[in-house]
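What follows is each chain in one-letter form.
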Amino acid sequence: MSKENLKICYIGGGSRNWAWVLMQDLAFEKDIRGTIELFDINHNDALVNEKIGNKLMEKHNFDRWKFHANSSLSDALIDSDFIFISILPGDFEEMAIDVHLPEKYGIYQPVGDSAGPGGIIRAIRTIPQYRHIAREIQKYAPDAWVINYTNPMSVCTRTLYKEFPGIKAFGCCHEVFNTQHLLASVVEKAGFADEGSIRREEIKVNVLGINHFTWIDKASWKDVDIFPVYMEFADENADTGFLRTPPPGIDADEIERFRLFKSAERVKMDLFQRYGLIAAAGDRHLAEFCPPDWYLSSPEAVKNWGYTMTPVSWRIKDREKLKQKAASYSEGTQLMTPVLSEEEGIKIVKALIGLGDLVTNVNYPNRGQIPDLPADAVVETNAVFSRDSISPVVTDGFPADVRALIMHHLLTQEGIVEAVYENDMDKAFRIFSLDYAVQKLPLSDAGALFDEMCSKTLN
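Residues numbered from 1 in each chain as written. Predicted model: local features only at pLDDT ≥ 70, side-chain atom pairs only at ≥ 80, totals over all residues. Heavy atoms only, no water.

Student: Looking at this structure, I do not really get the environment of Gly447. What am I missing?
Tutor: Relative to the assigned elements, Gly447 resides in helix α18 (residues 443-457). Under the relative-accessibility criterion, Gly447 is labelled buried at 15%. Along the backbone, Gly447 and Ser114 are 333 residues apart, and their C-alpha atoms lie at a distance of 20 Å. (Helix = DSSP H or I, 4+ residues; strand = E, 2+ residues; numbered from the N terminus. Buried < 20%, exposed > 50% of the residue type's maximum accessible area, 1.4 Å probe, protein only.)

Structure (structure tokens):
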């Protein structure tokens, strides 16, 4: 790999989310250069992003990066050094079934993409797509590093390895970053630093768990052990919550997004008081991984716990706004103003080509980094990235009570992959019926829900 001539294949290259984040981050990048091959099943969306990316580079980072929309996945993959994957399995119409159909059975899901009935059905829909992607990578770019952003993160990454055991893949998620921001606020409010003075990266955390149900068992800032400070914070705020205000200067769309994704962090604090570990994902995700009577028994309970459910109708409405914005960007009637994100994809790329080591959280097959969870299951821990190498950081594992919660979902993920590989929908249903949220239903209702979700999203 040459830092002056990298080839990155972007599967899902018509994205108006992750692809735009990548474009904007590359607008600030001075150490590496190359070509981004954009592949999308909707080729027109990739063509639009080709125009947007090249216009952005012409203005902000001339001649370092070129974007090219490729209608052939094989051509896009050949000779790639890195492959980014961020796809929507199905469309928002299918996602609406994942998230909202269970509501008629009294099952509520704030996100519905990783756990619960929505996460399971989405996984069934996604696994065949990832099997195909893995086979194409094995055929055309077997030595490339693969960075997955698609949910369900654990299942997608597990499928890549099951289909192509020699793949060099891992999943990236920013949920831990948001928890680091919270811990920075906690340290500042305790008087150890001025408000807003601590950068996220200064909060050192030991990460362990599975994606969207991730935990921290050690945290520090400089010489400050954060756990006693966080305990005081939780004791003071567990009942009332801690709600951060929107950052200054954001537009109306961002204000609406902030409102829809806001959290009073009460679920995090409650889990800390239960188990003594810091839950390191958003409350919307954490709630879905717990028995529903804890935090998700009703919309009123969700409101009481201080977080929100994101309706798919909002996502559809937001997509239309982004389509209009994409047209304006590509036609040149509006200019994309690059904002450097906190995503670490480019930092990881630089570490893997030898431009300095990086420690960050990743989703990767368990090779002993969490010794009390099954081997090869995809787990989330810190890892050290260096030249052409990823070395997961070994943890001490979990206390039995937290491990029991995690194993429920980890075995569901493993079982669903197995069921799809065997084309055994009866097995898939048996796994579905054991989900925390589905368990409360009579078996006949669980079967009716499963059949209806499958018939509306898998055919």
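And the narrative resumes.
Student: In this structure, what is going on with the packing of aromatic side chains? I would like to understand it.
Tutor: The description of an aromatic ring pair uses the distance of the two centres, along with the angle that the planes make with each other. On inspection of all chains with the given rule, the structure shows 19 aromatic pairs. Measuring from ring centre to ring centre gives 6.1 Å for Tyr161 and Tyr364, while their planes differ by 85 degrees; the resulting arrangement is edge-to-face. Of the two residues, Tyr161 is situated in helix α6 (residues 153-163) and Tyr364 in strand β11 (residues 358-365); the sequence distance between them amounts to 203 residues. By relative accessible area, which is 8% here, Tyr161 ends up buried. We classify Tyr364 as buried; its relative accessible area is 11%. Seen in terms of ring centroids, Trp294 and Tyr295 are 6.1 Å apart; in terms of plane orientation they differ by 85 degrees. Their pairing is edge-to-face. The class of Trp294 is partly exposed, set by a relative accessible area of 22%. On the basis of relative accessible area, Tyr295 is assigned to the buried category, the value being 1%. (Phe/Tyr/Trp six-rings, centres within 6.5 Å; stacked < 30°, edge-to-face > 60°.)

Student: Teacher, can you tell me more about the packing of helix α7 (residues 175-189) against helix α8 (residues 226-237) here?
Tutor: Two elements in contact, α7 and α8, have axes whose closest approach is 10 Å; the angle formed by their N-to-C orientations is 80 degrees. With respect to their mutual orientation, α7 and α8 come out roughly perpendicular. Seen from α7, the contacting residues are Leu182, Leu183, Val186 and Val187; seen from α8, they are Ile226, Val229, Tyr230 and Phe233. When its residues are assigned to classes, the contact of α7 with α8 shows eight nonpolar, no polar and no charged. (Axes fitted to C-alpha atoms, helices over the stretch in contact; angles between N-to-C directions. Parallel < 35°, antiparallel > 145°, perpendicular 65-115°, else oblique. Contact = heavy atoms within 4.5 Å. Nonpolar A, V, L, I, M, F, W, Y, C, P; charged D, E, K, R; others polar.)

Student: Would you mind showing me how to read the side chain of Gln180 here?
Tutor: Topologically, Gln180 is positioned in helix α7. Setting aside residues up to four positions removed in sequence, Gln180 forms contacts with Arg200, Ile203 and Val205.

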